[in-house]
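What follows is each chain in one-letter form.
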Amino acid sequence: MRVLAVKHHGVDSAGFIGAAFEALGAEVAMHLLPDDGPLPALDDVDHVLVLGAESSVNDPDPWIAQEQAWLRAADEAGIPVLGICFGAQALCAAFGGRVEVMARKEIGWRLVDSWDHELVPVGPWLEFHGDRCRPPKAAEVLARNDAGVQAFRLGRHLAVQFHPEVDGPLLKRWLDAGGDKDAEQVGLDPGQFLAQTIREESGARARAGRLVAAALRLAAQQRVDQA
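This next bit is on the overall build of the protein. Helix and strand counts for the protein stand at six helices and ten strands. For 227 residues, the compact-globule estimate of 2.2 N^0.38 gives 17 Å, and the protein sits close to it at 16 Å. Its C-alpha atoms give the protein principal-axis dimensions of roughly 50 × 35 × 35 Å. Burial statistics for the protein: of 227 residues in total, 54% are counted as buried. A separation of at least 24 residues holds for 72% of the contacts in the protein among residues at least 6 apart in sequence. Roughly 10000 Å² of accessible area belongs to the protein as shown, and the carbon and sulfur atoms make up 48% of that amount.

With that settled, the discussion passes to the pattern of salt bridges. Where charged atoms from two side chains of opposite charge approach closely, those side chains can pair. Counted under the stated rule, the structure contains eight salt bridges. The closest approach of N and O atoms between Arg 156 and Asp 75, which form a salt bridge, is 3.1 Å. Taken as a pair, Arg 156 in the loop between strand 9 (148-154) and strand 10 (157-160) and Asp 75 in helix 2 (residues 62-76) lie far apart in primary sequence, 81 residues in all. With a shortest N-O distance of 3.6 Å, Arg 98 and Glu 100 are connected by a salt bridge. Of the residues examined, Glu 100 reaches a relative accessible area of 18% and is grouped as buried. If you follow the salt bridges from partner to partner, you end up with Arg 98, Glu 100, Arg 132 and Arg 134 in one network.

Since the α-helix packs 3.6 residues into each turn, any two residues three or four apart lie on the same face. The set of residues buried in helix 1 (residues 15-23) consists of Phe 16, Ile 17, Gly 18, Ala 20 and Phe 21. Directly after helix 1, the chain includes Gly 25, whose backbone phi takes a positive value near 95 degrees.

In a pair of packed helices, the angle between the axes and the distance between the axes together describe the arrangement. Two numbers describe how helix 2 lies on helix 3 (residues 86-94): the axes approach to 9 Å, and their chain directions differ by 75 degrees. Viewed along their axes, helix 2 and helix 3 adopt a mutual orientation that is roughly perpendicular. When helix 2 is examined against helix 3, the residues Trp 63, Ile 64, Glu 67, Gln 68, Leu 71 and Arg 72 are found in contact with a partner set consisting of Phe 86, Ala 90, Leu 91, Ala 93 and Ala 94. A breakdown of the residues in the contact of helix 2 with helix 3 according to their chemical character gives eight nonpolar, one polar and two charged.

What links the strands of a sheet is backbone hydrogen bonding, and the strands pair in either a parallel or an antiparallel sense. The eight strands lie next to each other as 2-1-3-4-10-9-8-6, forming an open sheet whose pairing is mixed. Across the chains shown, the open sheet's two edge strands, defined by having one partner strand only, are strand 2 (27-32) and strand 6 (113-114). Inspection of the sheet shows strand 4 (residues 81-84) paired to strand 10 by three bridges, in the parallel sense. Paired with Ile 84 across the two strands is Val 160, which belongs to strand 10.

Here the focus is unusual backbone geometry. The bulk of non-glycine residues show a negative phi, and the bulk of peptide bonds are trans. Cis geometry marks the peptide bond from Leu 33 to Pro 34, where omega comes out at 5 degrees. Tracing the backbone through its elements, the reader meets Pro 34 in the loop between strand 2 and strand 3 (47-50). Here Asp 44, not a glycine, exhibits a phi torsion of approximately 65 degrees, which is positive. Even without being a glycine, Cys 85 presents a positive backbone phi close to 55 degrees. By the element assignment, Cys 85 lies in the loop between strand 4 and helix 3.

Definitions and cut-offs
Residues numbered from 1 in each chain as written. Predicted model: local features only at pLDDT ≥ 70, side-chain atom pairs only at ≥ 80, totals over all residues. Heavy atoms only, no water. Helix = DSSP H or I, 4+ residues; strand = E, 2+ residues; numbered from the N terminus. Rg over C-alpha atoms; globule rule 2.2 N^0.38 Å. Buried < 20%, exposed > 50% of the residue type's maximum accessible area, 1.4 Å probe, protein only. Contact = heavy atoms within 4.5 Å. Areas by Shrake-Rupley, 256 points an atom, 1.4 Å probe, with all protein chains shown as cover. Salt bridge = Lys/Arg side-chain N within 4 Å of Asp/Glu carboxyl O. Axes fitted to C-alpha atoms, helices over the stretch in contact; angles between N-to-C directions. Parallel < 35°, antiparallel > 145°, perpendicular 65-115°, else oblique. Nonpolar A, V, L, I, M, F, W, Y, C, P; charged D, E, K, R; others polar. Pairing = 2+ DSSP bridges.

Below you can see the structure in the form of structure tokens.
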């Protein structure tokens, strides 16, 4: 299995999600957009992973619209997508949903109300976002909380608003890159946030594995349904 992971920030990694794919025998290739140039062809790609971004899908940067067109091409080619945070919002916008700015950013470890605990465990999950999804009518909402929709299914694709990939070192890179100010604005102490993230690593790794397994099951189910 070949997984193409798209990141939008140089310090990012696929983290626990990439490790979960690799544990199942996948080869994970990374593309930094837009720095690495246009998104590659989807030949020989079995699954797409789209990570977070500092940008909003509503920003006018040309690469954002190009990425959404590329996601529609993946759908037409029958390639499932796992979208995380910005990746979930890109899926939402690409298929007719809306993405809107929240009155207050959601940052920190949060539980979610899940419709199916096998597909999306209740968490806790790490949140770090200022936009939220209004999924298209074709989507099936799988989890939400007071801040909004936290997970949805769109055909063969799975989208989650939270960050299942993050471990302590990755969060530290975010905080060092300016995320500490965002945390402070919502009343979080960056040092305590990082310490909690390190304490959560074992459980977060396990939950990421369950989420990848769920994404693969959904994709397989869609193939069966279309056969």
